[in-house]
Amino acid sequence: MTELNVSKLQIEHVSVNTASEFNGFHIKFLVDNQLFQFLVGQGTSLIPFGIKHVFTEKQACQICNKTINAVPIGQQICSVLQSHREALLSYFKTNYADLLQH
Ligand SMILES: [Zn+2]
């Protein structure tokens with residue numbers, strides 16, 4: 001498993017949309033120009049679900065090193081980001097609190 005320091009990730013172009021298929025949010029963000037989607041559930045608190053690759057062309061993920069197909073077929077979980085989902089959610093709650101509200 002690749003070591004990852006979430007606080008050192010260059011997270012850019014964050015956008016948050018209210019999910020239609022469950023109670024929560026889709027958070028999209030770029031890391032090194034690669035797009036990821038973080039599904040976050042909204043209960044009494046925010047619950048981190050999955051973090052998927054959203055690549056427009058087949059390429060290697062710079063975080064997990066797996067070769068990922070373009071969307072929609074390549075939309076699979078990024079295992080490294082997934083293992084840090086609690087830290088990532090803390091990051092978004094701290095830095096994008098205004099976006100994570102209904
Ligand atoms: Zn990945």
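This report concerns the structure included in the present document. Everything quoted here is computed from the prediction, not taken from an experiment. (Residues numbered from 1 in each chain as written. Predicted model: local features only at pLDDT ≥ 70, side-chain atom pairs only at ≥ 80, totals over all residues.)

1. Considerations on the sheet that holds strand β2 (residues 24–31)
The test is simple: In this analysis, strands are considered paired if DSSP registers two or more bridges between them. By definition, any uninterrupted DSSP run of H or I lasting at least four residues is a helix, any uninterrupted run of E lasting at least two residues is a strand, and each is numbered from the N terminus. Interaxial angle, 0 to 180 degrees, is taken between N-to-C directions of lines fitted to C-alpha atoms, where a helix line uses only the stretch in contact.
Strand order across the open sheet formed by four strands is β1-β2-β3-β4, with antiparallel pairing between neighbours. Bordering the open sheet on either side are β1 (11–18) and β4 (46–53), each of which pairs with just one other strand. Taken over all neighbouring pairs, the strand axes of this sheet differ in orientation by 20 degrees on average, direction set aside. Across eight bridges, the pairing between β2 and strand β3 (residues 34–42) is antiparallel.

2. A word on unusual backbone geometry
Residue proline 72 is reached from valine 71 by a cis peptide bond, and omega for that bond is 5 degrees. When you line up the elements, proline 72 lands in the loop between β6 (67–68) and α1 (79–83). The phi dihedral of aspartate 32 falls on the positive side, at around 50 degrees, and the residue is not glycine. Tracing the chain through its elements places aspartate 32 in the loop between β2 and β3. We note that asparagine 65 has phi near 70 degrees; this positive angle belongs to a residue other than glycine. Assignment of secondary structure puts asparagine 65 in the loop between β5 (59–60) and β6.

By themselves, these observations are geometric and do not establish any function.
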